[in-house]
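Structure at a glance
Each chain, letter by letter, is given below.
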Amino acid sequence: MSTPRNYFSLVKFSHTIFALPFAMIGFSLGSADRAGTPGKPLWLLFCLVLVCMVTARSAAMAFNRYLDRQFDAKNPRTAIREIPRGIISPASALRFVLVNGILFMTAAWFINSACFFLSPVALFVVLFYSYTKRFTSLCHLVLGLGLSLAPLGAYIAVTGSFAVLPILFSGTVLCWVSGFDIIYALQDEEFDKTEHLHSIPVAMGKKRALWVSRLLHTFSAVLVLTAGWYGHFGMWYFAGVVLFIGMLVYQHSIVSPGNLSRVNIAFMTANGIASVVFAVFAITDILLHVT
């Protein structure tokens, strides 16, 4: 019988660390912009945003595992996943997707009308990603787009409106995630070719794919700096930017076309640190400006 631990493993719950800190930045920006105006209690909105983050990502990851189950079973790197091993059945995984999708839209309904009406669009984007590797090498950008909704969505949850600054953070996430997903996809270049799946490494080879990743991470750095300038942030924010960009540079320094042994360090450790540390510094700066 499947346990909650199996489902946590199925959706790689620890990978929530990538987008969640940026969602907290968006939430903090929204709280600062809403200061002094009536509305739902911030603690309630915070809890609802967390529910939306966890359920949307869980639905997306479980759907990806469900849809890719036949490919995962053939790939030695992924054959240990829960569905290929029979720990979780495909039907159970699909039910898990449905439950999380319903919870996501329900939480969005309790937040505000803007979030509720936008929730099907967000859900479509994060679920659609799983199909894209079947027909386009730009699948990495679709994944980036899905995670980039976090800071903007959290801001809308608090304010009920759009703004330029959270959009800049969403652009930062889009380029950042797309770039590191290309690095992660280097591991499966040969397998993807055999199965006629699409990715930047398949289309361009490892060396050129790494250059595309570097370009995307350069755009991410430019956008996070632009957000700092546009938002009139202080030294705490820019200290976080230095660390964030430093981790981008670091992950490219440890991965090369001829040596992929440290891809997981670049993917999980470097990007997890980049996200969390930058968010701590950025939110500190926001709170100091508000108080």
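See above for the structure.
This report concerns the structure included in the present document. (Residues numbered from 1 in each chain as written. Predicted model: local features only at pLDDT ≥ 70, side-chain atom pairs only at ≥ 80, totals over all residues. Heavy atoms only, no water.)

What follows covers the overall build of the protein. Secondary structure assignment for the protein yields 13 helices and zero strands. For 291 residues, the compact-globule estimate of 2.2 N^0.38 gives 19 Å, and the C-alpha radius of gyration of the protein, at 19 Å, lies within 12% of that figure. Along the longest, intermediate and shortest principal axes, the C-alpha atoms of the protein span 55 × 40 × 30 Å. Out of the 291 residues belonging to the protein, those deemed buried represent 51%. Taking the contacts inside the protein whose residues are at least 6 apart along the sequence as the reference set, 74% of them involve residues at least 24 apart. Total accessible area computed for the protein in this model is approximately 13500 Å², and 72% of it derives from carbon and sulfur atoms. In the protein, which carries 20 positive and 11 negative side-chain charges, the distance between the mean positions of the two groups comes to 3 Å. (Helix = DSSP H or I, 4+ residues; strand = E, 2+ residues; numbered from the N terminus. Rg over C-alpha atoms; globule rule 2.2 N^0.38 Å. Buried < 20%, exposed > 50% of the residue type's maximum accessible area, 1.4 Å probe, protein only. Contact = heavy atoms within 4.5 Å. Areas by Shrake-Rupley, 256 points an atom, 1.4 Å probe, with all protein chains shown as cover. Lys, Arg positive; Asp, Glu negative; His and termini not counted. Charge placed at Lys NZ, Arg CZ, Asp CG, Glu CD.)

Contact pair helix α6 (residues 90-111) / helix α7 (residues 113-132): the axes reach a minimum separation of 8 Å and the direction vectors enclose 150°. Accordingly, the angle class assigned to the pair α6 and α7 is roughly antiparallel. The element α6 and its partner α7 pack so that their crossing is right-handed. Residues Val97, Gly101, Phe104, Met105, Ala108, Trp109 and Ile111 of α6 pack against Cys115, Phe116, Ser119, Pro120, Ala122, Leu123 and Leu127 of α7. Within the contact of α6 with α7, the residues separate by chemical class into 12 nonpolar, two polar and no charged. (Axes fitted to C-alpha atoms, helices over the stretch in contact; angles between N-to-C directions. Parallel < 35°, antiparallel > 145°, perpendicular 65-115°, else oblique. Left-handed = near helix turned anticlockwise from the far one by under 90°. Nonpolar A, V, L, I, M, F, W, Y, C, P; charged D, E, K, R; others polar.)

It is worth spelling out a nonpolar patch on the surface at this point. Together, Leu118, Val121, Phe162 and Ile167 line one region of the surface with nonpolar side chains, adding up to about 370 Å² of accessible area. Along the chain, Leu118 falls in helix α7. Exposure remark for Leu118: the relative accessible area of 36% places this residue in the partly exposed category. (Patch = residues over 30% accessible without salt bridge, like charges linked within 9 Å, V, L, I, M, F, W, Y side chains within 5 Å. Salt bridge = Lys/Arg side-chain N within 4 Å of Asp/Glu carboxyl O.)

The next subject is the nonpolar core. Counting residues in hydrophobic clusters, the biggest one holds 64 residues, and the most contacted among them are Ile25, Phe169, Trp176, Tyr237 and Phe278. Those residues in contact with Ile25 that lie beyond four places of it in its chain are Phe169, Phe278, Ala279, Ala282, Ile283 and Ile286. Judged by nonpolar contacts, the second largest core, of 14 residues, contains Tyr66, Ile88, Ala93 and Phe96. (Core = buried A, V, L, I, M, F, W, Y, C linked by side-chain atoms within 4.5 Å.)

The next point concerns the side chain of Ser137. Its place among the elements puts Ser137 in the loop between α7 and α8 (139-159). A distance of 3.4 Å separates a polar side-chain atom of Ser137 from the backbone oxygen of Ser199. Residues in contact with Ser137, not counting those within four places in the same chain, are His198, Ser199, Ile200 and Ala203. (Polar contact = N/O pair within 3.5 Å; in protein donor to acceptor, adjacent residues only side chain to side chain.)

Here we take up the packing of aromatic side chains. The tally for this structure, following the rule as stated, stands at 20 aromatic pairs. Measuring from centroid to centroid gives 5.0 Å for Trp109 and Phe110, while their planes differ by 80°, and the two rings are edge-to-face. On the accessibility criterion, Trp109 (53% relative accessible area) is exposed. When its relative accessible area of 45% is taken as the criterion, Phe110 is described as partly exposed. Counting every residue linked through ring pairs, the aromatic cluster contains Phe22, Phe169, Trp176, Phe180, Phe233, Tyr237, Phe238, Phe244 and Phe278. For the cation-ring pair, Arg69 lies above Tyr66, with the distance from its terminal atom to the ring centre recorded as 4.3 Å. Here Arg214 stacks its cationic end above the ring of Trp211, 4.5 Å away from the centre of that ring. (Phe/Tyr/Trp six-rings, centres within 6.5 Å; stacked < 30°, edge-to-face > 60°. Lys NZ or Arg CZ within 6 Å of the ring centre and 35° of its normal.)

Applying the stated criterion across every chain, the model contains seven salt bridges. In this structure, the salt-bridge partner of Arg81 is Asp72, at a minimum N-O distance of 3.2 Å. Classification of Asp72 by relative accessible area gives buried; the value is 5%. Between Glu189 and Lys206 there is a salt bridge, and its shortest N-O distance comes to 2.4 Å. Of this pair, Glu189 sits in helix α10 (residues 189-194) while Lys206 is found in helix α11 (residues 200-230), placing the two residues 17 residues apart along the sequence. Several salt bridges converge on common partners, so that one network encompasses Asp68, Lys133 and Arg134.

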